[in-house]
Structures are given as structure tokens and as C-alpha cells.
Amino acid sequence: MISMDSRTPEAGDEGERSVIRPPSGEAPERDASPAGFLYVLAFFSALGGFLFGYDTGVVSGAMLLLKEEMNLSALWQELLVSSTVGAAALSALAGGSLNGWLGRRACILLASAVFSVGGVVMSTAPGKVALLVGRVTVGLGIGIASMTVPVYIAEVSPPHRRGQLVTINSLFITGGQFVASVVDGAFSYVGRGGWRFMLGLSVLPAALQFVGFLFLPESPRWLLQKGRSQEARRALGRIRGGRSVDEEYDSIRASIEEEEGKEAGGGGLIILRIFGHGPTRRALVVGCGLQMFQQLAGINTVMYYSATILQMAGVQDVKRAIWLSAATSATNFVFTLAGVWLVERVGRRKLTLGSLLGTGLSLTVLAVGFWLSARYSPPATLHPVDAQNSTCRLYGSCELCMLDPDCGFCYRENGSAVFDSSCVPVAQASTDHAAWGRCSNQTEATSSPTWAYNYCPTSYSWVVLTGLLLYLAFFAPGMGTMPWTVNSEIYPLWARSTGNACSAGVNWSCNVLVSLTFLHVAQYLTYYGAFFMYTGLVALGLLFVLGCLPETKGLQLEDVESLFTGPLCSCGASSPARHVQYSRLDGSNAPLSDDDEDATD
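S.K.: Explanation requested: the overall build of the protein in the structure shown.
M.R.: Across its full length, the protein holds 24 helices and 7 strands. Long-range contacts, defined here as pairs at least 24 residues apart, represent 78% of the contacts in the protein between residues at least 6 apart. By element, 62% of the accessible surface of the protein is carried by carbon and sulfur atoms, the whole surface being about 22,700 Å².

S.K.: Can you walk me through the state of the cysteines in this structure?
M.R.: Cysteine pairs can be covalently joined through their sulfur atoms, and such a bond is termed a disulfide. In the structure shown here, the tally under the stated rule is 3 disulfides. Through a disulfide, Cys392 is tied to Cys407; the S-S separation comes to 1.9 Å. Taking the sign of the S-S torsion, about -95 degrees here, the bridge from Cys392 to Cys407 comes out left-handed. Taken together, the residues Cys392 in the loop between helix 17 (348-375) and helix 18 (398-402) and Cys407 in strand 3 (residues 407-414) connect sequence positions 15 residues apart. Looking at Cys407, the relative accessible area reads 1%, which means it is buried. Across the disulfide, Cys398 is cross-linked to Cys456 (sulfur-sulfur distance 2.0 Å).

S.K.: Explain the pattern of salt bridges here, please?
M.R.: Should the charged atoms of two oppositely charged side chains come close, the side chains can pair. One pass over the structure, following the stated rule, counts 9 salt bridges. Residue Arg253 pairs with Asp250 through a salt bridge whose shortest N-O separation is 3.5 Å. Here the residue Arg253 and the residue Asp250 both occupy positions in helix 11 (residues 246-266), the gap between them amounting to 3 residues, near one helical turn. Judged by its relative accessible area of 35%, Arg253 falls in the partly exposed class. The structure contains a network of salt bridges with shared partners spanning Arg162, Glu344, Arg348 and Glu489.

S.K.: Whenever I open this one, the packing of aromatic side chains confuses me. Can you help?
M.R.: What describes a pair of aromatic rings is the distance from one ring centre to the other and the angle between the planes of the rings. Inspection of every chain in the model, using the stated rule, returns 16 aromatic pairs. Each ring, one from Phe43 and one from Phe172, has its centre 5.7 Å from the other, and the planes form 80 degrees; the classification is edge-to-face. Of the two residues, Phe43 sits in helix 2 (residues 35-69) while Phe172 sits in helix 6 (residues 159-187), which places them 129 residues apart along the sequence. Look at Phe172 and you get buried, because its relative accessible area is 18%. Look at Phe52 and Trp508: their rings are 4.8 Å apart centre to centre, the planes differ by 45 degrees, and that puts the pair in the tilted class. With Phe52 in helix 2 and Trp508 in helix 22 (residues 493-525), this pair connects stretches of sequence that are 456 residues apart.

S.K.: Just to check I follow, could you spell out the sheet that holds strand 3 for this structure?
M.R.: Strand-to-strand pairing in sheets goes through backbone hydrogen bonds, with the strands running parallel or antiparallel. One open sheet holds the 3 strands; their spatial order is 4-3-5, and the pairing between them is antiparallel. Of all the strands in the sheet, just strand 4 (417-425) and strand 5 (450-452) have a single pairing partner and so form its edges. Ignoring strand direction, the axes of neighbouring strands in this sheet form an average angle of 30 degrees. Judged from the 7 bridges that link them, strand 3 and strand 4 form a sheet pairing that is antiparallel. Residue pairing across strands places Phe409 opposite Cys423, the latter belonging to strand 4.

S.K.: Help me out: how do you make sense of helix 6 in this one?
M.R.: Owing to its 3.6 residues per turn, the α-helix aligns residues three or four sequence positions apart on the same side. For helix 6, spanning 29 residues, the distance from its first C-alpha to its last is 43 Å, which sits close to the expected 42 Å at 1.5 Å a residue. Of all 29 residues making up helix 6, 22 are buried, and the element is well covered by its neighbours.

S.K.: I keep staring at the side chain of Ser377 and nothing clicks. Help me out?
M.R.: Tracing the backbone shows Ser377 in the loop between helix 17 and helix 18. Looking at Ser377, its side chain comes within polar contact range of the main-chain nitrogen of Cys398, at 3.4 Å. For Ser377, the side chain forms a polar contact with the main-chain nitrogen of Glu399, separated by 2.8 Å.

S.K.: Even after reading the chapter, I still don't get the nonpolar core, so can you show me in this structure?
M.R.: Generally speaking, soluble globular proteins have nonpolar side chains that are buried together. In terms of nonpolar packing, the biggest core is built from 62 residues, with Leu131, Trp195 and Trp508 touching the most fellow members. Mapped by element, the contributors of at least two residues to this core are helix 2, helix 3 (74-102), helix 4 (104-123), helix 5 (128-156), helix 6, helix 7 (194-200), helix 8 (203-213) and helix 22. Top element by residues in this core is helix 2. It accounts for 16 residues. Setting aside residues no more than four positions away along its own chain, Trp195 makes contact with Ala62, Leu65, Leu66, Glu69, Met70, Met122, Ala125 and Leu131. The next biggest cluster of nonpolar side chains, apart from the first, holds 57 residues, and it includes Cys398, Tyr527, Cys548 and Leu555.

S.K.: What am I meant to see in the environment of Gly95 here?
M.R.: Looking at where Gly95 falls in the secondary structure, it is placed in helix 3. Note: C-alpha distance between Gly95 and Leu140 (45 residues apart in sequence) is 9.7 Å.

S.K.: What is the right way to look at the packing of helix 13 (residues 278-296) against helix 23 (residues 527-548) in this model?
M.R.: Two quantities define a packed helix pair, namely the angle between the helix axes and the distance between the axes. Where helix 13 contacts helix 23, the axes come no closer than 9 Å and their chain directions differ by 160 degrees. By the angle between their axes, helix 13 is roughly antiparallel relative to helix 23. With respect to the hand of their crossing, helix 13 and helix 23 are arranged in left-handed fashion. Where helix 13 approaches helix 23, its residues Val285, Val286, Gly289, Leu290, Phe293 and Leu296 are matched on the opposing element by Tyr534, Leu537, Leu540, Gly541, Phe544, Val545 and Cys548. Among the residues forming the contact of helix 13 with helix 23, the class breakdown is 11 nonpolar, 2 polar and no charged.

S.K.: Before we go on, may I ask you to explain the packing of helix 4 against helix 8 in this structure?
M.R.: The geometry of helix 4 relative to helix 8 is characterised by a closest axis approach of 8 Å and an angle of 155 degrees between their N-to-C directions. Taken together, helix 4 and helix 8 sit at an angle that is classed as roughly antiparallel. When the axes of helix 4 and helix 8 are compared, the crossing they make is left-handed. Residues Arg105, Ile108, Leu109, Ser112, Ala113, Phe115, Ser116, Gly119 and Val120 of helix 4 form the contact with helix 8, whose participating residues are Val203, Ala206, Ala207, Gln209, Phe210 and Phe213. Within the contact of helix 4 with helix 8, the residues separate by chemical class into 10 nonpolar, 4 polar and 1 charged.

Calculation notes
Residues numbered from 1 in each chain as written. Predicted model: local features only at pLDDT ≥ 70, side-chain atom pairs only at ≥ 80, totals over all residues. Heavy atoms only, no water. Helix = DSSP H or I, 4+ residues; strand = E, 2+ residues; numbered from the N terminus. Contact = heavy atoms within 4.5 Å. Areas by Shrake-Rupley, 256 points an atom, 1.4 Å probe, with all protein chains shown as cover. Disulfide = S-S within 2.5 Å. Buried < 20%, exposed > 50% of the residue type's maximum accessible area, 1.4 Å probe, protein only. Salt bridge = Lys/Arg side-chain N within 4 Å of Asp/Glu carboxyl O. Phe/Tyr/Trp six-rings, centres within 6.5 Å; stacked < 30°, edge-to-face > 60°. Pairing = 2+ DSSP bridges. Axes fitted to C-alpha atoms, helices over the stretch in contact; angles between N-to-C directions. Expected span 1.5 Å × (residues − 1). Polar contact = N/O pair within 3.5 Å; in protein donor to acceptor, adjacent residues only side chain to side chain. Core = buried A, V, L, I, M, F, W, Y, C linked by side-chain atoms within 4.5 Å. Parallel < 35°, antiparallel > 145°, perpendicular 65-115°, else oblique. Left-handed = near helix turned anticlockwise from the far one by under 90°. Nonpolar A, V, L, I, M, F, W, Y, C, P; charged D, E, K, R; others polar.

Following this line, the structure appears as C-alpha cells:
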């Protein structure tokens, strides 16, 4: 087993820390935990991730039905999406204190109960206000689960399986989004009220998780931190299949006792201690930065508004847009599987860098697709006689007309040619049938016109769809999973709950920012301008990761702190200032001491 010498925070800040490996000829001891029970733990824990994915993903298809049935404005659409993530941001921040007070297991039980209540409220909502309450309720559950589940899985996992098991939570998030999109597609045929089934089915996995966790153990590390040593030993023995856990137990206990010694000398609020302790402060900056750039890359714009984006790109039929949205969710799920396979082979750092590079290129393709659609957007050749007091008459093309939610494009089509087209006002309480009638009144009666609301006729839809699929293929295995995996590893035990709460809070806050502003940003910058903006933010994220993210693969949780003892942004795995080199021993990485590194040279 990898071991590390005792040290004080001050010594750690000066980089005076030695990292040793087992004597020559000895392979590091690998934990013999039975894989079956570990995967049972990961499965029931990751149901929280599934609910996270389902409740955030199901709104994409449901929104197409809701905005017609409830006549939702752009602001109400953004509220129903962003209220969930706003509530998640608040509960994620509160989740740090709850985790420290109640424990990981109790917080997961609480989250699944809140999910169940929210699902019932949404499925029975009589109007948009009640629906908003339900969306806020599930958001509270999502926030608690999002910061608790990765911590729980990381704390019960052996080092050589930790990255893979924590990444399973991200796999379940994308799996939840995929299942949500399939459910959206299936219930889009129900007609009026189909959204109730879409939103209400989250009750089933929430109930399954609640029942399952009644029979699963608490985190041994949390129990030891609370002084419940006998319970901790029993829980660790159960997780490790009844095998001897003395060495691991003693290692965890020694680490906790060392941290308690520091706490006795430091005291104060945990967040103040984090800011006052160099390595932990640097870890928090890296963790929060990863979560921030995950959201600023636009992932939840794509997931929450995927059906809307496809419709904007020229997909006319609502049901077809929903099913194409399901295809994008399937891509997200499949490539998250790739992340589960790659995380312990490639490592966190390389996987994240490659993901960001591909994500930036894919966003460029997406933006170019919308630019081509705008560049060759059909002109408005007629002026509606009843639109004198409407802004619609000011727009000379379909692209400009589409950006105004109060207008729709009315046109005739002959093959690929568009003619007799105009930008027509949408009555405030109109249905599709009424809008069709308004469109018919604006043109000659020689052929049936087409009413295009929220989309333009274009031959470049395939470019946008290609960009979406490439985006998810690159984003899912790296930036989709690694922020959660890395944050579950980089904090010492005394700061783990608070550090994960802060980073999850940053994630959800940026999520709110992106989801609440996307439709308005698209109106002001155009759709291609919005995605070019996300491309620029991804470029900044690439520079941040390149300079600040170390490799944590193969290290014990208690040993990761050593990676943050240098300057903030010189902690790359290959930085000479770090004096850390990784070599593969029996399939796992063990750090080398300075002397060993010199010997390899």
C-alpha cells in the first residue's frame, strides 16, 4: 500500500514532503474487496445520479408540449428549467453541512425522499406555478445527491477502482438523460397531458434508491471521523467482504488523528480553515474551476434545450425533434461508458484535456451550422396587412423573424425553393391551428402555406446535428465525468464535505447562469454567436486544466493532498517543480520519491 510521511500544513506548503513506495520487489497491496458488493454500492448510490440526469433531461422534450399547452413565454420556459438548477445550487451548498452532521447515507436517503415528493407534485400540477414548485423540489434533491454520491462512492472504494466507480455516477447521470429522452418520445404521442407522465416517472427510481439504502452501510471514514470506531470497522469489513481490514483501518484512523491534531491547533469554521491551508485551498480552486468550466462549456444548454436547438436548426416536426434529442442523449450515454473504461487507463488529466480540445472543435462545427442556416436564411418577401403595429414587419429574413418569440415564419415551398414568405405575428393566446389560419390569410390560396414557429426552412440541419453528436462524444468521457471524479478525491477528509459542497454549488450556479440566459443570449447574439461564445469559454477552460490539474490516478485518498503543495498553477503531472513521477506497478500507479526519480534518470 502506498504510504506517506506525517507532516504539518506548513511543511506541506513549502513542498517539504516525501513520497515513498514499497520496498523493491514488493507490489503495492491492492484491496481485495469483492467486486460484486462494490458494484451494488455504486449502483444504489448512482441512482441519485440517474435521478439527477432524468429530472434535468426530461424537461427538454416536455417543454415542447408544455409551451403549447400552458402558453409559456420564453421567460417561463427558462424559469422551469433554471429553477431546478437554482434550487440544486442552494441545496448543494447546504449539503456540505448536512453531510458532516447526518452522514453520507442519511443524506442520500433524504435526497431520494425529496425526489419522490417533487415527482408527485409535478405529475399532478394544475398549472405552471405548481409545476414550478415541483421543479424546485426536485432541484433540492438533485443538489444534495450531486455532492453526496461521489463522496460516498470515493470513500468506500479501493484506490485501483475508485476512478471507475465514481465515474459510474456520471454514467448514470447520462443514462438518466437518455431514458428521459426515450420517455419524452414515447409520451409525445399521448397528446395533451403527456408531460405529466414524463415528469412523474422519476418517483420510481427514487423509491428504489430509498429502499436499497436502508440496507447499505455508512462510509467508514465518516464513522471514524465521528469517533464511532467499532461501527467503522464493521462497515469497512462488510464492504471488503469480511477480509482483514486492519492495515486500511489503521491508515484511515492515523490520517484522521493527524487531521484532528491540526484542527486542535487551527479551529474555526471549516471554510476558513480551507482558505488558510495552502494545499486544500489550491485543491478547492481546481475543483471549483473544473465545475465552472463544465457548465460554461454549454453542456446543459445542449441537454436542456436539445429538442429546441434541433427545432431551431430546421427540424419541423415536434416528435421528430424529440426523437433526435433522444439520439443525442444516447450518444452522451455511450461515450460516458468510454469514460468509465478510460479513467483508470488514461488518467484524469489527459482525459480532461482531450475532452476539452474536442469539445471546442465540436462547438465550432455547431456554430458554423447555425451560421450557414442564417447566411442562407429565406427572405421575407411579403408584408402582412395586419402586422402594421407589430415588430414582425421589420424583419427581412426568417432568421431574424425566428429570434423574436412573438413572430413566426409563413412560407410556401416548391422543392427546395421558398416563396411567398412573410414574418407573421403570433396571437398571444393562439394555438397552432389559429397560427396556421393567420398564416393562410397572408398568402395566395393556390397552395397550402407552411407555418414555421421557432425554426427556419434550411438544408443545413445535418451540420447542427453532426455538431451536437460530436460535442457529446467528446464532452461525455472527460468534462462530463472528471469534474465530479476529481472533486471526490482531492480534499482531505476534514474538508471533503465542504469542498465538494462548494464545488457543486459553483457547478449549479453556473448551470443556472447558462440555462437561464441561453434563449435570451441567442436572441441578442444569434444562435451561432452563442455557440461561438461557448467555444471561447472552452478555450479558457483548456488553459486552466493545462496549468492547474494534477494526476490523481492510483493514489490513496489520504495521499492526494501532496499534489497541491506547490504554487497554484504549477501542479501539472509532468511539472518539474512537483518532483513527482508516476510508474505502473501491477496495474496501478505508485508515486516515486526524489531519490527514485533521480535513479530513473
